Amino acid sequence: MYDVKKNLNEVKKDLPEGVRLVAVSKFHPAEYITAAYEEGQRIFGESHEQELRQKVEQLPKDIEWHFIGHLQTNKVKYIAPYISMVEAVDSMKLLREINRQAERCGRVIDVLLELHIAEEETKYGLTLEACRKLLADGEWREMKNVRIRGLMMMASYTDDETQIRSEMMTAANFFDEVKQEYFADDDSFSERSWGMSHDYPIAVECRSTMVRVGSKIFGERVY
Ligand SMILES: *Cc1c(COP(=O)(O)O)cnc(C)c1O
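The structure reproduced in this document is the subject of the present report. For every chain, the first residue of the written sequence is number 1, and numbering continues from 1 onward in sequence order. In keeping with the predicted nature of the model, local features appear solely for residues at pLDDT of at least 70, side-chain atom pairs appear and are counted solely at 80 or more, and the whole-chain, interface and lining totals rest on all residues. Water and hydrogen atoms play no part in the side-chain values, which are based on all heavy atoms of the structure.

What about the overall build of the chain?
Right, so step 1: Secondary structure assignment for the chain yields nine helices and eight strands.
Right, so step 2: The C-alpha atoms of the chain give a radius of gyration of 17 Å, which matches the 17 Å a tight globule of 223 residues would have.
Right, so step 3: Overall, the chain is about 50 × 45 × 30 Å in size when its C-alpha atoms are taken along their principal axes.
Right, so step 4: Nonlocal contacts in the chain, meaning residues at least 24 apart in sequence, comprise 60% of its contacts between residues at least 6 apart.
Right, so step 5: Each charge class in the chain was averaged separately, 31 positive and 40 negative side chains, and the resulting centres sit 5 Å apart. A run of DSSP states H or I qualifies as a helix once it reaches four residues; a run of E qualifies as a strand once it reaches two. Both are numbered from the N-terminal end. For a compact globule the rule gives 2.2 Å times the number of residues to the power 0.38, and the radius of gyration it is set against comes from C-alpha atoms. The criterion used for residue contact is that any of the two residues' heavy atoms lie within 4.5 Å. Charged-residue counts in this description rest on Lys and Arg as positive and Asp and Glu as negative, His and the chain ends being excluded. By convention, the point assigned to a charge is CZ for Arg, NZ for Lys, CD for Glu and CG for Asp.

Shown next as structure tokens:
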């Protein structure tokens, strides 16, 4: 097996207090998750509903699962009973559906709003303008079964550190803006999820509170 335990501990060493690690285990087998679990890791990120469901059945119940990928509204009902956080909410429609399904389960589900700041066209997420509109619209205030915990983004996939840093700082500054405008009295709005295997050290410098690291821990994914 790829040296999951050693890699996990190397990544953890790089993280200051206050930055949590989401170990992104998508496309990796349950044994890899168990290896990380044995080292104390409890938060895992997945992006496919069926794969996640199988892993949830096999693995310990105290794992916190984060859904990190693009989530189709018709899949929400399957994950609503157990998901700890939906990290990539990129539309009002999706937020409404999470609220609806969470209510049916008698739960409150934590979510992050996903920002689109990177240059790549393929990335999902809300533009800053769309995110401002969603919050200004105010419908989210009536949703009793979702709790907006913060923001999430993916920087452009590039070697250009300056660009990565600039995108992450845009997200960090935007966090301050919406925190002040909408969540000043809400301590639970506190999460900034950015940083992946190739850029998490930069993310830490750009005020990330939650890095999502996959291949650096588990090896290359075989799709
Ligand atoms: C796959 C994925 C990651 C992890 O990517 P690595 O480069 O393997 O660390 C992080 N965030 C999201 C949204 C992902 O889909």
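Next comes the rest of the write-up.
A closer look at the environment of arginine 96
Right, so step 1: Among the structural elements, arginine 96 can be located in helix 5 (residues 92-104).
Right, so step 2: Only protein chains enter the accessibility calculation, which uses a 1.4 Å probe; a residue whose area is less than 20% of its type maximum is buried, one above 50% is exposed, and one in between is partly exposed. Exposure remark for arginine 96: the relative accessible area of 40% places this residue in the partly exposed category.
Right, so step 3: Separated by 49 residues in the primary sequence, arginine 96 and asparagine 145 have C-alpha atoms spaced 9.5 Å apart.
Right, so step 4: Residues within four places of arginine 96 in sequence aside, it is in contact with Glu139 and Met143.

Here's the deal with the side chain of serine 25
Right, so step 1: Structurally, the position occupied by serine 25 is in the loop between strand 1 (20-24) and helix 2 (30-38).
Right, so step 2: A residue is classified by how much of its surface remains accessible, and serine 25, at 0% relative accessible area, is buried.
Right, so step 3: Side-chain atoms alone can form a polar contact between residues adjacent in sequence; in general such a contact is a pair of N or O atoms within 3.5 Å, and within protein one must be able to donate a hydrogen while the other accepts it. Engagement of the side chain of serine 25 in a polar contact is seen with the side chain of glutamate 46, the distance being 2.7 Å.
Right, so step 4: Serine 25 has contacts with Ile33, Phe44, Gly45, Glu46, Glu51, Lys55, Trp65 and Phe218, leaving out every residue within four places of it along the chain.

What to know about the site of the ligand
Right, so step 1: To be near a molecule or strand, a residue needs just one of its heavy atoms within 4 Å of it. What surrounds the ligand is the set Val24, Lys26, Ile68, Met152, Met154, Met196, Ser197, Arg212, Val213, Gly214, Ser215 and Arg221.
Right, so step 2: Serine 197 is positioned with one of its side-chain polar atoms (N or O) 2.5 Å from an oxygen atom of the ligand.
Right, so step 3: Each accessible area is a Shrake-Rupley estimate made with a 1.4 Å probe; only the visible protein chains count as cover when residues are assessed. Contact with the protein chains hides 91% of the accessible area of the ligand, taken as 390 Å² for the molecule alone.
Right, so step 4: Note on residue categories: nonpolar means Ala, Val, Leu, Ile, Met, Phe, Trp, Tyr, Cys or Pro, charged means Asp, Glu, Lys or Arg, and polar means any other residue, Gly included. Its residues assigned to classes, the shell around the ligand comprises six nonpolar, three polar and three charged.

Details of the pairing of strand 2 (residues 43-46)
Side chains on a regular strand alternate between the two faces of the sheet.
Right, so step 1: Where burial is concerned, the two faces of strand 2 agree: the one with Ile43 and Gly45 and the one with Phe44 and Glu46 are both buried.
Right, so step 2: Any two strands are treated as partners once DSSP identifies two or more bridges connecting them. Examined bridge by bridge, strand 1 and strand 2 share two bridges and lie parallel to one another. Its bridge partner lying in strand 2, valine 24 is registered against glycine 45.
Right, so step 3: Here, the term right-handed applies to a crossover whose path from the first strand over the helix to the second runs clockwise when the strands point away from the viewer. Where the polypeptide runs from strand 1 across helix 2 and back to strand 2, its parallel neighbour, the crossover connection is right-handed.
Right, so step 4: With four bridges joining them, strand 2 and strand 3 (residues 64-67) adopt parallel strand pairing. Bridging across to strand 3, glycine 45 finds its partner in histidine 66.

Examining unusual backbone geometry
Right, so step 1: Even without glycine at this site, phenylalanine 27 takes up a positive phi of about 70 degrees.
Right, so step 2: Take phenylalanine 27: it is sitting in the loop between strand 1 and helix 2.
Right, so step 3: We note that arginine 207 has phi near 70 degrees; this positive angle belongs to a residue other than glycine.
Right, so step 4: Checked against the element boundaries, arginine 207 lands in the loop between helix 8 (200-205) and strand 8 (210-213).

Here's the deal with the packing of helix 1 (residues 4-13) against helix 2
Right, so step 1: At a closest axis distance of 9 Å, the pairing of helix 1 and helix 2 adopts a crossing angle of 50 degrees. One finds that helix 1 runs oblique with respect to helix 2. As helix 1 packs across helix 2, the resulting crossing turns out to be right-handed. Contacts between helix 1 and helix 2 involve Val4, Lys5 and Leu8 on the former and, on the latter, Tyr32, Ala35, Ala36 and Glu38.
Right, so step 2: Counted by class, the contact of helix 1 with helix 2 contains five nonpolar, no polar and two charged residues. The axes used here are C-alpha line fits, helices contributing only the stretch in contact, and every angle between their N-to-C directions lies in the interval 0 to 180 degrees. For classification, angles of less than 35 degrees are called roughly parallel, those exceeding 145 degrees roughly antiparallel, those between 65 and 115 degrees roughly perpendicular, and all remaining angles oblique. Here a crossing is called left-handed whenever its near helix is offset anticlockwise from the far helix by less than a right angle, and right-handed whenever the offset is clockwise.

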